[in-house]
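Here are the chains, one letter per residue:
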Amino acid sequence: MFEDPYTEHVLLTPGPTPIHPRAQQALMRPMLGHMDPEIFALNTEIQADLRAMYGTTDTTFTALLAGTGSLGMEAGFANLVESGDEVLVCANGSFGRRMADMATRYGANVRLVTAPLGEAIDPDDVAAQMNGVQMVAVVHGETSTGVLNPVPQIAQIARQHGALLTVDAVTTAGMEPFHMAEWGVDYAYTGAQKCLSAPPGLAPVAISDRALARYHARRTPTPLWYCDFEGLRDYWERHTYHHTVPVNLHYALHAALRAALDEGMLNRKARVQHVGQAIQTALAPLGFTPYVQRPEDRLPTVLALRLPDGFDDAGVRRALRERHISVTGGLGATAGLIWRLGLMGETARPAPYRALMNALEDLLGVQGLTARFDAALEPVPV
Ligand SMILES: *Cc1c(COP(=O)(O)O)cnc(C)c1O
């Protein structure tokens, strides 16, 4: 009998998330060729389910890119930006800055709209810089700070100015309703290992007709051959060979995406809120406070908590890791200052956070954490 040498691990990180049991099972399916009719049928189901997840029109082109979320980000700029284009990038965290870096590499003149650390982008700041802009890019939920940016308002501004809108939906789509068509988003992407709890290595994307029209108006071919929009359509729509897709990852993503749609986005959003408030209720008496000041700026799927004064961030997280519990700290300016607790996909469940509460009671020599957590999870009495 094969014995698994790895210990069960509690992942509380803001990605990757634990693999959904149905996705884990799908990984056991035998290998098939990427040109097999069964795989094309599976891909067609994935495309329809992605339309539902992103809230697109019935005919919007959706696909999986064979890479992580960053490939989804890069494919958007590679196909939709040409040398000399004016691109406005909302950059209030490290993923926004990654967008700006990529847009620059594909030849864009990048205008940055920033916000103080821990605050959302102000749509008025976007509107003030729109003159001559061909594309706006924004991260919906900034994982590096736990901030939610106002995508519907920014979308309205982009529409008014006839600019395309690219949205990083990595921490939102698949965990709460996303309305690509209604808001007016032209290109959206995520990564399989975040809200969907599928294995890393796939980037689900949705491309509006407006974005495809911009692609067809290019003066020069897309410099990234691997993710060329028409190359993707060769495989996903015309069923001709482009590159060998990772079919095992397609199996797993198909299962995880179906599980997410079966549960429903409103139920998933409620689950995130439910577990998130229980964590805050349990930790508040220890001195943990929300890092993002304005409640409407808080990203539900990445709970950023300011650590109590004198808290031994590195020491406690090291001790947690020895107990097979992974917690993520701050990044750059917020290192040592905050924890970023993931509430995406299978992480947004009581059991993994109960494990954290138990371990913290022990490590910090405090009592009542788990009891407070469990009490806060109880349905509110009527
Ligand atoms: C994780 C993440 C990405 C991309 O991640 P990969 O590590 O390439 O999968 C992009 N944007 C946001 C907001 C993320 O959280």
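The protein has the name (S)-ureidoglycine--glyoxylate transaminase in an unreviewed UniProt entry, where Deinococcus caeni is given as its organism. If you open the UniProt record of the protein and go to Cofactor (unreviewed entry), you find "pyridoxal 5'-phosphate". One UniProt comment on the protein, placed under Sequence similarities (unreviewed entry), says "Belongs to the class-V pyridoxal-phosphate-dependent aminotransferase family."

Visitor: Where do I start with the pattern of salt bridges in this structure?
Guide: Opposite charge on two side chains permits them to pair, given that their charged atoms come into close proximity. Per the stated rule, a full pass over the model turns up 23 salt bridges. Between Glu 38 and Arg 29 there is a salt bridge, and its shortest N-O distance comes to 4.0 Å. The salt bridge involving Asp 85 is made with Arg 214; its shortest N-O contact spans 3.2 Å. Of the two residues, Asp 85 sits in the loop between α3 (69-80) and β3 (86-90) while Arg 214 sits in helix α8 (residues 209-216), which places them 129 residues apart along the sequence. Where salt bridges share partners, they join Glu 230, Arg 233, Asp 234, Glu 237 and Arg 238 into one cluster.

Visitor: Any chance you could explain the sheet that holds strand β9 (residues 187-189) here in plain terms?
Guide: Strands sit in the order β2-β10-β9-β8-β5-β3-β4 across an open sheet of 7 strands; the sheet is mixed. Across the chains shown, the open sheet's two edge strands, defined by having one partner strand only, are β2 (61-65) and β4 (109-113). Strand-to-strand twist in this sheet, taken as the mean axis angle between neighbours without regard to direction, amounts to 20 degrees. Across 5 bridges, β3 lies against β4 in parallel orientation.

Visitor: Help me understand the domain arrangement of the protein in this model?
Guide: One widely used convention gives an interface's size as the accessible area the parts lose upon coming together. Domain annotation for the protein reports domain 1 (10-15 + 264-376) and domain 2 (21-262). Measuring from the centre of the C-alpha atoms in domain 1 to the corresponding centre in domain 2 gives 28 Å. Taken together, the contact pairs 28 residues of domain 1 with 30 residues of domain 2. Interface area for domain 1 against domain 2, summed over the two sides, is near 2200 Å², with a carbon-plus-sulfur share of 64%. Where domain 1 packs against domain 2, one counts 0 salt bridges. Between the two partners, domain 1 and domain 2, sit 11 residue pairs in polar contact (both at pLDDT 80 or more). Elements with a minimum of two residues in the side of domain 1 that touches domain 2: α11 (265-283) and β12 (302-306). Tallying contributions element by element places α11 first for the side of domain 1 that touches domain 2, with 6 residues. Its residues placed into classes, the side of domain 1 that touches domain 2 shows 15 nonpolar, 5 polar and 8 charged.

Visitor: What should I look at first to understand the sheet that holds strand β15 (residues 338-342) in this one?
Guide: Sheets are built from strands paired through backbone hydrogen bonds, the pairs being either parallel or antiparallel. Strand order in the open sheet formed by 4 strands is β11-β12-β15-β14, and the pairing between neighbours is antiparallel. Edge strands, defined here as strands with exactly one partner in the open sheet, are β11 (289-290) and β14 (328-329). Pairing between β11 and β12: 2 bridges, direction antiparallel. Of the residues in β12, the one forming a bridge with Pro 290 is Leu 305. Its contacts with the sheet place α11 against β11, β12 and β15, and it is angled at close to 15 degrees to β12. Along the sheet, helix α12 (residues 313-322) makes contact with β14 and β15, crossing β15 at roughly 30 degrees.

Visitor: What exactly am I supposed to notice about the UniProt feature "domain: Aminotransferase class V" (unreviewed entry) in the protein here?
Guide: As annotated in UniProt, the feature "domain: Aminotransferase class V" (unreviewed entry) corresponds to residues 32-334 in the numbering used here. The distance separating the terminal C-alpha atoms of residues 32-334 is 46 Å; by composition the span is 41% helix and 16% strand.

Visitor: Can you walk me through the site of the ligand in this structure?
Guide: Residues in close proximity to the ligand include Thr 68, Gly 69, Ser 70, Phe 95, Val 139, Gly 141, Thr 143, Asp 168, Val 170, Thr 171, Gln 193 and Lys 194, which together make up its full environment. Residue Gly 69 places a main-chain N or O atom 3.0 Å away from an oxygen atom belonging to the ligand. Gln 193 places a polar side-chain atom, nitrogen or oxygen, 2.8 Å from an oxygen atom of the ligand. Computed on the free molecule, the ligand has an accessible area of 380 Å², of which 88% lies beneath the protein chains in the complex.

Visitor: Would you explain the environment of Val 167 in this entry?
Guide: Its location among the elements puts Val 167 in strand β8 (residues 164-168). Counting along the chain gives 13 residues from Val 167 to Met 180, while the straight-line C-alpha distance between them is 9.2 Å. Among residues more than four places away in sequence, those in contact with Val 167 are Val 138, His 140, Val 151, Phe 178, Val 185, Tyr 187, Ala 188 and Tyr 189.

So, how was this worked out
Residues numbered from 1 in each chain as written. Predicted model: local features only at pLDDT ≥ 70, side-chain atom pairs only at ≥ 80, totals over all residues. Heavy atoms only, no water. UniProt positions renumbered as here; feature names shortened; annotations may be inferred. Salt bridge = Lys/Arg side-chain N within 4 Å of Asp/Glu carboxyl O. Helix = DSSP H or I, 4+ residues; strand = E, 2+ residues; numbered from the N terminus. Pairing = 2+ DSSP bridges. Axes fitted to C-alpha atoms, helices over the stretch in contact; angles between N-to-C directions. Domains from an automatic or database assignment. Contact = heavy atoms within 4.5 Å. Buried area = accessible area lost by both parts, 1.4 Å probe. Polar contact = N/O pair within 3.5 Å; in protein donor to acceptor, adjacent residues only side chain to side chain. Nonpolar A, V, L, I, M, F, W, Y, C, P; charged D, E, K, R; others polar. Near = heavy atom within 4 Å. Areas by Shrake-Rupley, 256 points an atom, 1.4 Å probe, with all protein chains shown as cover.

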